[in-house]
4 protein chains.
Amino acid sequence: MKDVQGQIDNRGIDIHNVGVKDFHLPLLIQTREGGFQPVMANVSLSVSLPMHFKGTHMSRFVEALLPWSSKPISNTELKSLLIDTCERLEADSAEVTMAFKYFIEKTAPVSLKASFMDYDCIFKARREKERHSFILGVEVPVTSCCPCSKEISDYGAHNQRTLIKVKVRFHGGFLWIEDLVDRIEKQGSCQLYPLLKREDEKFVTERAYENPKFVEDILRDTVIALRKEPLISWFDIECESIESIHNHSAFARHTETKEQMTY
Amino acid sequence: MKDVQGQIDNRGIDIHNVGVKDFHLPLLIQTREGGFQPVMANVSLSVSLPMHFKGTHMSRFVEALLPWSSKPISNTELKSLLIDTCERLEADSAEVTMAFKYFIEKTAPVSLKASFMDYDCIFKARREKERHSFILGVEVPVTSCCPCSKEISDYGAHNQRTLIKVKVRFHGGFLWIEDLVDRIEKQGSCQLYPLLKREDEKFVTERAYENPKFVEDILRDTVIALRKEPLISWFDIECESIESIHNHSAFARHTETKEQMTY
Amino acid sequence: MKDVQGQIDNRGIDIHNVGVKDFHLPLLIQTREGGFQPVMANVSLSVSLPMHFKGTHMSRFVEALLPWSSKPISNTELKSLLIDTCERLEADSAEVTMAFKYFIEKTAPVSLKASFMDYDCIFKARREKERHSFILGVEVPVTSCCPCSKEISDYGAHNQRTLIKVKVRFHGGFLWIEDLVDRIEKQGSCQLYPLLKREDEKFVTERAYENPKFVEDILRDTVIALRKEPLISWFDIECESIESIHNHSAFARHTETKEQMTY
Amino acid sequence: MKDVQGQIDNRGIDIHNVGVKDFHLPLLIQTREGGFQPVMANVSLSVSLPMHFKGTHMSRFVEALLPWSSKPISNTELKSLLIDTCERLEADSAEVTMAFKYFIEKTAPVSLKASFMDYDCIFKARREKERHSFILGVEVPVTSCCPCSKEISDYGAHNQRTLIKVKVRFHGGFLWIEDLVDRIEKQGSCQLYPLLKREDEKFVTERAYENPKFVEDILRDTVIALRKEPLISWFDIECESIESIHNHSAFARHTETKEQMTY
């Protein structure tokens, strides 16, 4: 049968990304403890397409992805996936994004009851002419208690769920999801827990009230925490508070490239 | 050209609903004050299809809807739309759902500054063999402050945005969106406002703390408010609290058909 | 500490459902082949609340759910979960909904290449005064090719992805997800496959063109397929075509309770 | 009352963006014909925050936005909004994003019947130390018919809805939404229409079959169309095909900064 995709194209346009997206796949994510966690991932995988090809071969992206549903994945394995994809598609560069919910055990602060909390995570890796880059994204929900509301009110203070959305690029190593979440989770007025007994609820209520923070405070404290990590060379942070006194959100955002090229 | 849809079908199956959905249209919603508000609606319109027809004529639904983008709509006009749709499609019954954001002016409690707040609303109307029914749905966000958290903590109390999602069926009349929102909005620990100056923020913080309510309390108080409305013959209420101390929601739901058939 | 939830309530309102929702949990779903598949579920779990209690104890829902992240689940296990939930909460009735993506192996029609396809599934179970009911929901995407477009055009025919959304209630047994998907998947103009090589693409293109179906045809053929299953006592079907020639969908919907109370 | 936000902050971190998001507001968008169209917008508005301020004053963003619900908006008016926002917040830079559905009249190709089609649009404007930039984003749905499927099959060809998502930055002027949509809409295998009678359906079916295009072809033809517009200095295009033979999408993406600084 005719290879329509392989025909010559005369428009003279190299395309940055061609591939599949919104492709769902079960994956095994390597854990900090040395095992792996089964996740349900929404994946996009693409390559660059030189100007002389009319089209890419979409089925090959699926063939490149399928084997990874049974092999634990981390930063290193994504490099293999991208090298394999470049070979299958005869491409110079390739890019993959995997979005999934990841569960981490949480222990309630007083009762010490264990439960699992879900975090939205992203792995984004790119191979560009033999150079590899990797971005880890995590979304960490916390409680924020408003300092202004506490200060001006005779009692109480409005508080709400705040999402700390962080993306980091590494340099000479990487952090586990568990480690990155751990750095970020401390920056709210208080952490969230799936399971809280009454003594825990007293603790988190008082903790948040004692530790009021604007969305700007949470952002700045997260900036400070990420600046301290030598393995992180770039980060992007957005804090969004689902305001309990409004029908809209308050947010703060910050991006930074660290001057650590001397490492 | 051949009318494939009009061909005879032998499977002997009447279909309850056939039509279009996820159809977007600008509409004009009649306001309580006598004017109208332009909204952007997501519409579904369908008819029943007798067993002898192979298919319906999808373009006629669009033709039935288009004129309503320039004529103010309320309960009464939906009847005309459904009668017209039944005629165009030679059908016994028809059903329409219109989902849209509707804005209502809110005045801040102390500064008295005015702003507009958005409410997700639904109009759902049905014509069944010449009988008409109408359901109005509104989603009213409020603040909820937790009574348990307040009681057991030395200071503070967790609070969050809670959505009160109400659907009501009328009987012998109807309530304006503004009226229904007004009945519901009072049932939280405090109302939300798009615009709050510092003196207002003090007010809403203290108000919520003085008036703590579980999601069950908000539900029950809304039930009581709706039972009092003689024009309402059926209602369905779901209250969902976007918990500020968890990464999940707490909810309560209740449906009731009133025994007021004697009205 | 004071049990605020356990206090007496004087409003005289029994609440139908009180519980948690949008709670994420890794689960193990039993497969037809006798094993289990790890999934990521969005769960809601609730009980009825008698009028004399002010509130429920939300942490107990989480405690009831947690053990199930490591025990394979099917219809039978959901009964245990609901009995346990009723006991923990001292309630008469309980209800659980679990929504998750489930993967089934698909073999390409000509090349016979294997891959996994994802289906959105729902388990919904209810215990009401010792009686149990169970609903299985699956969403099966297929290709639909328009009979009218084929008939009136000199060549070609518009086609698109169509979602067949089915919910079934069982009676005296149950079907595996794999079995239900299998019954439904045959009702489109052609099945979908994650991986298709060129010879497969020729097959599915020609197959859909030879087998044109309106959204009404797909609905009726699915009705016939489900009527034939003696274990199904009730079903609800919605077919939605993401039209390739419009920016909206065409849809058809049908619900049926079977007269098989004599079984 | 104490101005907590105005307090001195010692962390030494300038924040790039602080403000409100997911704020809904009715707006009036200027049309090419000289009038305006009421839309429902989801808005985010933010400013940069110098390191010495602890927090911003969130209510001022709402005060800056409210007047614009009754004044027609285009590129020029967004400059006024940003200047006003910088003044109210004593900030150097400000940024606004407005996302809304916009309707454009479409005439069916043969019957010439008129209807309105909805397009997801974005206005994104930024003021940075007195310099202004403006990005217009539109999402144009079209039909794509697969050239490979047509070539290898004896009859038929799979086709589907494809979204052409374009963002453009201007330089020395701007294009109306209507003009940009017009340039893009021609690049699919065929345009979409809300209302098509039988003779129109024959036309669009045959037109798409005669004009098969890969997602890569649609991308490249859109690149060529945008390169020709002298007022556009930068663009980003993503074409996503909601494949009718798969349960995932195929996509292509391309970004280009034009060397036209000499204009």
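Definitions and limits used
Residues numbered from 1 in each chain as written. Chains lettered and ligands numbered in written order. Predicted model: local features only at pLDDT ≥ 70, side-chain atom pairs only at ≥ 80, totals over all residues. Heavy atoms only, no water. Contact = heavy atoms within 4.5 Å. Buried area = accessible area lost by both parts, 1.4 Å probe. Salt bridge = Lys/Arg side-chain N within 4 Å of Asp/Glu carboxyl O. Buried < 20%, exposed > 50% of the residue type's maximum accessible area, 1.4 Å probe, protein only. Helix = DSSP H or I, 4+ residues; strand = E, 2+ residues; numbered from the N terminus. Pairing = 2+ DSSP bridges. Domains from an automatic or database assignment. Polar contact = N/O pair within 3.5 Å; in protein donor to acceptor, adjacent residues only side chain to side chain.

## Concerning the interface of chain B and chain D
Item 1. Every contact between the two is made by 30 residues of chain B and, on the other side, 30 residues of chain D.
Item 2. Carbon and sulfur atoms supply 66% of the area buried between chain B and chain D, which totals about 2500 Å² over both sides.
Item 3. When the buried surface of chain B facing chain D is broken down by residue, B:Met1, B:Phe103 and B:Arg198 rank first, second and third, together holding 23% of it.
Item 4. For the pair chain B and chain D, the interface holds six salt bridges.

## Things to note about the pairing of strand E5 (residues 131-145) of chain D
All names here are of chain D.
Item 1. Within E5, 11 of the 15 residues are buried, which leaves the element mostly enclosed by the surrounding structure.
Item 2. Bridge count between strand E4 (residues 114-128) and E5: nine bridges; the pairing is antiparallel. In the strand pairing of E5, Ile 122 is matched with Gly 137.
Item 3. Counting the residues in the hairpin turn of E4 and E5 gives two residues, including Lys 129, whose phi is positive at 45°.
Item 4. By the bridge criterion, 11 bridges tie E5 to strand E6 (residues 159-170) in an arrangement that is antiparallel. Bridging across to E6, Glu 139 finds its partner in Lys 165.
Item 5. Bridge count between E5 and strand E7 (residues 190-191): two bridges; the pairing is antiparallel. Within E7, the position partnered with Val 142 by the bridge is Gln 191.

## Some words on the domain arrangement of chain A
Residue and element names in this part refer to chain A.
Item 1. When the domains of chain A are assigned, the result is domain 1 (1-129) and domain 2 (138-263).
Item 2. In this structure, domain 1 and domain 2 have C-alpha centres spaced 28 Å apart.
Item 3. Domain 1 puts 26 residues into the contact, and the matching count from domain 2 is 23 residues.
Item 4. In this assembly, domain 1 packs against domain 2 so that about 2000 Å² is buried in total across both faces, 68% of it on carbon and sulfur atoms.
Item 5. Interface area lost by domain 1 to domain 2 is led by Arg 32, Lys 106 and Pro 109, which between them contribute 27%.
Item 6. Applying the counting criterion to the domain 1 and domain 2 interface returns two salt bridges.
Item 7. Between Lys 106 and Glu 185 there is a salt bridge, with its nearest N and O atoms 3.2 Å apart.
Item 8. The interface formed by domain 1 and domain 2 holds 10 residue pairs in polar contact (both at pLDDT 80 or more) in total.
Item 9. Secondary structure elements with two or more residues in the side of domain 1 that touches domain 2: strand E1 (15-30), strand E3 (93-107) and strand E4 (114-128).
Item 10. Take the side of domain 1 that touches domain 2: its biggest share by element is eight residues, from E4.

## Comments concerning the environment of D:Val43
Residue and element names in this part refer to chain D.
Item 1. Tracing the chain through its elements places Val 43 in strand E2 (residues 36-49).
Item 2. Sequence separation between Val 43 and Leu 25 is 18 residues, and the spatial gap between their C-alpha atoms is 7.2 Å.
Item 3. Excluding anything up to four places from it in sequence, Val 43 contacts Val 20, Lys 21, Asp 22, Phe 23, Leu 65, Val 96, Thr 97 and Met 98.

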